[in-house]
Amino acid sequence: MDIKALIAQMTLEEKAGLCSGADFWHTKAVERLGIPATMVSDGPHGLRKQDDKVDHLGVNDSIKAVCFPAACATAASFDRALLTRMGEAIGDSCQHEKLSVVLGPAVNIKRSPLCGRNFEYFSEDPYLAGEMAAAFIHGVQSRSVGTSIKHFVANSQEHRRMSSSAEVDERTLREIYFPAFETAVKREQPWTVMCSYNRLNGVYASEHPWLLTEVLRNEWGFEGYVMSDWGAVADRVAGLAAGLDLEMPSSNGFNDRKIVEAVKNGTLDEALVDQAVERILNIVFRYTENAKPDTPWDKGAQHLLAADIAAECMVLLKNEGGVLPLSKEEKIAFIGEFAEKPRFQGGGSSHINCFKTTSALQAAEGLKVRYARGYSAQEDATSDELIAEAVEAAKAAKVAVVFAGLPDVYESEGYDRSHMRMPDCQNRLIEAVAAANPNTVVVLHNGSPVEMPWIDRVKGVLEAYLGGQAVGAATVRVLFGDANPCGRLAETFPKKLSDNPSYLTYGGEGNTAVYNEGVFVGYRYYDRREAEVLFPFGYGLSYTDFVFSDLRLSAAEITDRDTLRATVKVKNTGSRAGKTVVQLYVGDVESSVFRPVRELKGFEKVELQPGEEKEVSFTLSKRAFAYWNTQIHDWHVESGEFRVEVGYSSRDIAASAAVRVESTVRIPRHYDLNSIFLDILDDPRGREIIAPLLKTMREGFGSSEDEKSDAASEAITEEMNLAMLNYMPLRTMLSFAGEKADPAALEQILNKLNES
Ligand code: BGC
């Protein structure tokens, strides 16, 4: 297809028209030129294809589809291959349903547990989010169907999401809010990127030239089209010039006319319209030329896959005395409405009309399970009657399993949570059940951390997250040991909301949300603070035990152009087969900028039989050691020692090794009379050049050894003298060096310092 030739035949009106949707879900057709309309659909963890009654908030029905676990759960799998399998399944269903693009993955960073949409996002960690997103995109796009990685960028709150400005500094953007997009774009070329509703540093993402063109295309090499989030366009003409190709949904011709006008009155270059059309048509034809509508969509098989995936995502948070796995021979109580009607997906545009669901109660059929409802998920009202019934069931059972978590209304797209608590009626139920039966286990269905005031009174906690339509099957498998839990937290569970680094300013004032915790998001903050948390990032238990040992690095010293190999042994020392996640963190031992203690730079999920040992290797390159330097606007490694650690979580490091990394990049320095000695002395060349000055300076103080009185040397030691000197600007030479002050000499020294 010669797209350029096609564009040459189009009228300006047709071209402007193509830059917005035909309706809620379709791109426009130009029949006279054989340009077809294509359909896009949410996303991300299954299809929400709406046939007639359209809306973007999941209010109206969509076709019957399969709901896979949401990203809060899948991220906890730390399993790239799993995400790819899920992507392939969704890609197949898109082909079957004639969908060109699925609107996902959603990769915004979990800045606060309060974000209403955390359930749809992967992690507080950008590396993990990027790896999961790339793996998912790889799967979907292997089926010749596009993805739309979203929401670009810094859409980490729902509060005022269409007006708020995320005020994020350059380094924080580069280190925290960009990398998930960057990794996915560079590695997998998602067919489309969806810009976010919010503004970034004052400018709407939908009309941000630096974001949509300089960074996304010029730096990262994005080749597809950028679409707006639904209704995110403010100034269409500015948006087009900035790099927003497709406005979604339709503006009913309003913005198309603005584009035409702008071209006609010379404020918009027609070449920019052509460029947007070309990008859109590239994808339209990439899909239509590879469309395979006869691809089967075996929903039954996908339901089973959804159960398999969910089982790989669950995180066992507590298992005192080995209360889990449960025995199929014993009497067990399943308590709580979620056992019967699990909460397995979140509200809003990702809401799927499931063709089938499996609750834990259904999955436990044939086992000795007695059910008591315990609470209603419809309202937070404690019912003495329901609690009494639950207590009775708990007393009669060997183990009582309470299914609890967050009801739908507690977290959804479109608004944030106002606190981190579960409904009171559920907390009370758990307390009552735990008092009645010492073997109480809590299964949680939630999209984001909750406070657990009862944690010391229950023996087990299984975090099932929003595990998709087959979550009940997966839960029963894990509870009864048919599956060994192997998920790890992709986010920190703080003890209480006020412990969270964004607590003081989350949500912002009016339309301004300053991300003032900077790079210290999630464990980067908690670890630096040595703050106690409920459960750390990367944490999760298993029914077997693993030991990581013998961490070896391929070199003790490298440059920032080299790669480093880290190898570690992983052994299953328990008596069951299982999977663990080897997490590799890197930390800069000493740095001139504030850096986290450790940052995740690699992970591998490993399956081991009892007694089996494997070796796992990681390759680290410059980026693993670098921070974003705002002077050179680039990644930079500061020469020095780094710690390479492997751990079971960010708080449980099994082994650590040191490597020295030498930078090959010299950051240019400029000195003037206001430069202080400390900074000059920090530079080896500077140290050499100003050595003679220092001597003069000390003499100027009258502190050379022979002149000093005993009293003076007691009051000011040489060390103190030097320490004070550190913060003095060069210009003080002229004031303090007495008659030895020599402005011409000083200037010469400055010239020399600035020479290289
Ligand atoms: C959401 C997007 C979604 C779109 C279409 C918007 O409200 O933010 O994530 O893809 O609607 O439903």
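Residues numbered from 1 in each chain as written. Predicted model: local features only at pLDDT ≥ 70, side-chain atom pairs only at ≥ 80, totals over all residues. Heavy atoms only, no water.

### Re the overall build of the protein
Part 1 of the reasoning: The number of helices and strands found in the protein is 25 helices and 27 strands.
Part 2 of the reasoning: Its C-alpha radius of gyration of 30 Å places the protein within 12% of the 27 Å reference for a compact globule of 756 residues.
Part 3 of the reasoning: For the protein, the spread of C-alpha atoms along the three principal axes comes to 95 × 75 × 50 Å.
Part 4 of the reasoning: Here the protein, with 756 residues, has 60% of them falling under the buried criterion.
Part 5 of the reasoning: Residue pairs in contact within the protein that sit at least 24 positions apart in sequence constitute 76% of those at least 6 positions apart.
Part 6 of the reasoning: Surface exposure of the protein reaches about 28800 Å², of which carbon and sulfur atoms provide 48%.
Part 7 of the reasoning: If the 82 positive side-chain charges of the protein are averaged to one point and the 109 negative ones to another, these points end up 4 Å apart. (Helix = DSSP H or I, 4+ residues; strand = E, 2+ residues; numbered from the N terminus. Rg over C-alpha atoms; globule rule 2.2 N^0.38 Å. Buried < 20%, exposed > 50% of the residue type's maximum accessible area, 1.4 Å probe, protein only. Contact = heavy atoms within 4.5 Å. Areas by Shrake-Rupley, 256 points an atom, 1.4 Å probe, with all protein chains shown as cover. Lys, Arg positive; Asp, Glu negative; His and termini not counted. Charge placed at Lys NZ, Arg CZ, Asp CG, Glu CD.)

### Describing the domain arrangement of the protein
Part 1 of the reasoning: Split by domain assignment, the protein resolves into domain 1 (3–154 + 181–288), domain 2 (299–529), domain 3 (546–662) and domain 4 (677–753).
Part 2 of the reasoning: Here the C-alpha centre of domain 4 lies 64 Å away from the C-alpha centre of domain 2. (Domains from an automatic or database assignment.)

### Looking at the environment of Glu431
Part 1 of the reasoning: Residue position: Glu431 is located in helix 16 (residues 424–436).
Part 2 of the reasoning: Separated by 24 residues in the primary sequence, Glu431 and Ile455 have C-alpha atoms spaced 9.5 Å apart.
Part 3 of the reasoning: When residues no more than four places from it in sequence are discounted, the contact partners of Glu431 are Pro453, Trp454 and Arg457.

### Examining the pairing of strand 20 (residues 564–572)
Part 1 of the reasoning: Looking at chain direction, strand 18 (residues 546–553) and strand 20 are connected through 6 bridges and run antiparallel. Residue pairing for strand 20: Arg552 is matched across the bridge by Thr567.
Part 2 of the reasoning: Bridge count for strand 20 against strand 23 (residues 613–620) is 8 bridges, and the pairing is antiparallel. Its bridge partner lying in strand 23, Arg565 is registered against Thr619. (Pairing = 2+ DSSP bridges.)

### Concerning the packing of helix 15 (residues 384–395) against helix 16
Two quantities define a packed helix pair, namely the angle between the helix axes and the distance between the axes.
Part 1 of the reasoning: For the pair helix 15 and helix 16, interaxial distance at closest approach is 9 Å and the crossing angle is 35°. Considering the relative orientation of helix 15 and helix 16, their crossing is right-handed. Contact with helix 15, carried on its side by Ile387, Ala390, Val391, Ala394 and Lys395, involves Arg428, Leu429, Ala432, Val433 and Ala436 of helix 16 and no other residues of that element.
Part 2 of the reasoning: A per-class count over the contact of helix 15 with helix 16 returns 8 nonpolar, no polar and 2 charged. (Axes fitted to C-alpha atoms, helices over the stretch in contact; angles between N-to-C directions. Left-handed = near helix turned anticlockwise from the far one by under 90°. Nonpolar A, V, L, I, M, F, W, Y, C, P; charged D, E, K, R; others polar.)

### Digging into the nonpolar core
Part 1 of the reasoning: Within the largest apolar cluster, 197 residues are counted, with the highest numbers of intra-cluster contacts made by Phe334, Met452 and Leu479.
Part 2 of the reasoning: Of the residues forming this core, the biggest block, 9 residues, is contributed by helix 11 (residues 270–289).
Part 3 of the reasoning: Those residues in contact with Leu479, other than ones at most four positions away along the chain, are Leu324, Pro325, Leu326, Phe334, Val401, Phe403, Val441, Val443, Leu462 and Tyr543.
Part 4 of the reasoning: If you look at the next biggest cluster of nonpolar residues, it comprises 30 residues, including Leu564, Trp635, Val644 and Val659. (Core = buried A, V, L, I, M, F, W, Y, C linked by side-chain atoms within 4.5 Å.)

### Concerning the sheet that holds strand 18
Part 1 of the reasoning: The strand order across the open sheet built from 3 strands is 18-20-23, with neighbouring strands paired in antiparallel fashion. This sheet does not close on itself; its edge strands, each paired only once, are strand 18 and strand 23. Pairwise comparison of adjacent strand axes, ignoring direction, gives a mean angle of 25° for this sheet.

### Some details on the sheet that holds strand 1 (residues 40–41)
Part 1 of the reasoning: The strand order across the open sheet formed by 5 strands is 1-3-4-6-9, and the pairing between neighbours is parallel. Two strands lie at the open edges of the sheet, namely strand 1 and strand 9 (225–228), each paired on one side alone.
Part 2 of the reasoning: The pairing of strand 6 (residues 192–195) with strand 9 spans 4 bridges and is classified as parallel. Residue pairing across strands places Met194 opposite Met227, the latter belonging to strand 9.
Part 3 of the reasoning: Along the sheet face, helix 5 (residues 126–141) touches strand 3 (101–102) and strand 4 (146–152) and points at about 150° away from the line of strand 4.
Part 4 of the reasoning: Across the face of the sheet, helix 7 (residues 179–188) comes into contact with strand 4 and strand 6 while running at roughly 160° to strand 4.

### Some remarks on the site of the ligand
Part 1 of the reasoning: Around the ligand, the structure places 15 residues, and the nearest of them are Asp42, Arg117, Lys150, His151 and Asp229.
Part 2 of the reasoning: Between an oxygen atom of the ligand and a side-chain N or O atom of Arg48, the distance comes to 3.2 Å.
Part 3 of the reasoning: Contact distances for the ligand include 2.9 Å between an oxygen atom and a side-chain N or O atom of Glu413.
Part 4 of the reasoning: Surface burial for the ligand is 100%, taken as the share of its 310 Å² of free accessible area covered by protein chains.
Part 5 of the reasoning: Among the residues making up the shell around the ligand, the classes are represented as 5 nonpolar, 3 polar and 7 charged. (Near = heavy atom within 4 Å. Polar contact = N/O pair within 3.5 Å; in protein donor to acceptor, adjacent residues only side chain to side chain.)

### Quick look at helix 7
Part 1 of the reasoning: By the criterion of burial, helix 7 is predominantly enclosed, with 7 of the 10 residues buried.
Part 2 of the reasoning: Turning to helix 7, its buried residues are Pro179, Ala180, Phe181, Glu182, Ala184, Val185 and Glu188.

### Re the state of the cysteines
Part 1 of the reasoning: What the rule picks out here adds up to 0 disulfides.
Part 2 of the reasoning: Among the cysteines around Cys67, which has no disulfide bond, Cys354 carries the closest sulfur, lying 4.6 Å off.
Part 3 of the reasoning: Looking at Cys72, it has no disulfide partner, and the nearest cysteine sulfur is the one in Cys313, 9.0 Å off.
Part 4 of the reasoning: Under the relative-accessibility criterion, Cys72 is labelled buried at 1%. (Disulfide = S-S within 2.5 Å.)

### A few points about a nonpolar patch on the surface
Part 1 of the reasoning: Taken together, Ile716, Met720 and Met724 make up a surface patch of nonpolar side chains, about 250 Å² in accessible area.
Part 2 of the reasoning: Look at Met724 and you get partly exposed, because its relative accessible area is 43%. (Patch = residues over 30% accessible without salt bridge, like charges linked within 9 Å, V, L, I, M, F, W, Y side chains within 5 Å. Salt bridge = Lys/Arg side-chain N within 4 Å of Asp/Glu carboxyl O.)

### Notes on helix 8 (residues 209–219)
Part 1 of the reasoning: By the burial criterion, the buried members of helix 8 are Leu211, Leu212, Val215, Leu216 and Arg217. Down the axis of helix 8, the sector holding all buried residues measures 165°, keeping them to one side.
Part 2 of the reasoning: Gly221, located one to two residues past helix 8, shows a positive phi value of around 80°. (Arc of directions from axis to C-beta.)

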